[in-house]
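As a plain string of letters, each chain reads:
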Amino acid sequence: MMKQLRRIKLELYNLKTKARKIFMRGYEDLTMLIYYHDFKKNFQLLIVGHNDLLLAEREISREEAFRIMNTR
């Protein structure tokens, strides 16, 4: 049940939240995504497993988002 909810939650980010994916980086079996909400003016950091399950979700500041995107 929990896995289904996490998979649905990730799909909602893509379809319903009106958020834009502005960054994506994959590491072995994890993927890190940053979404930006135009209306709310906030950034969300998502960590997704290899089977598209949402593992972690956190609201981050603009500075944190750009620091992550500029780190190599």
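A brief look at the structure comes next. (Residues numbered from 1 in each chain as written. Predicted model: local features only at pLDDT ≥ 70, side-chain atom pairs only at ≥ 80, totals over all residues. Heavy atoms only, no water.)

**Remarks on the packing of aromatic side chains**
The description of two aromatic rings rests on the distance between their centres and on the angle between their planes.
Right, so step 1: On inspection of all chains with the given rule, the structure shows two aromatic pairs.
Right, so step 2: Ring geometry for Y36 against F43: centres 4.7 Å apart, planes inclined by 40°, an arrangement best described as tilted.
Right, so step 3: Look at Y36 and you get buried, because its relative accessible area is 15%.
Right, so step 4: Residue F43 is classed as buried on the basis of its relative accessible area of 7%.
Right, so step 5: Aromatic side chains F43 and F66 sit 6.2 Å apart centroid to centroid with 75° between the ring planes, which places their arrangement in the edge-to-face category. Linking F43 in strand β3 (residues 42–49) with F66 in helix α2 (residues 62–70), this pair joins segments that are 23 residues apart in sequence.
Right, so step 6: Members of the aromatic cluster, each reached through a chain of ring pairs, are Y36, F43 and F66. (Phe/Tyr/Trp six-rings, centres within 6.5 Å; stacked < 30°, edge-to-face > 60°. Buried < 20%, exposed > 50% of the residue type's maximum accessible area, 1.4 Å probe, protein only. Helix = DSSP H or I, 4+ residues; strand = E, 2+ residues; numbered from the N terminus.)

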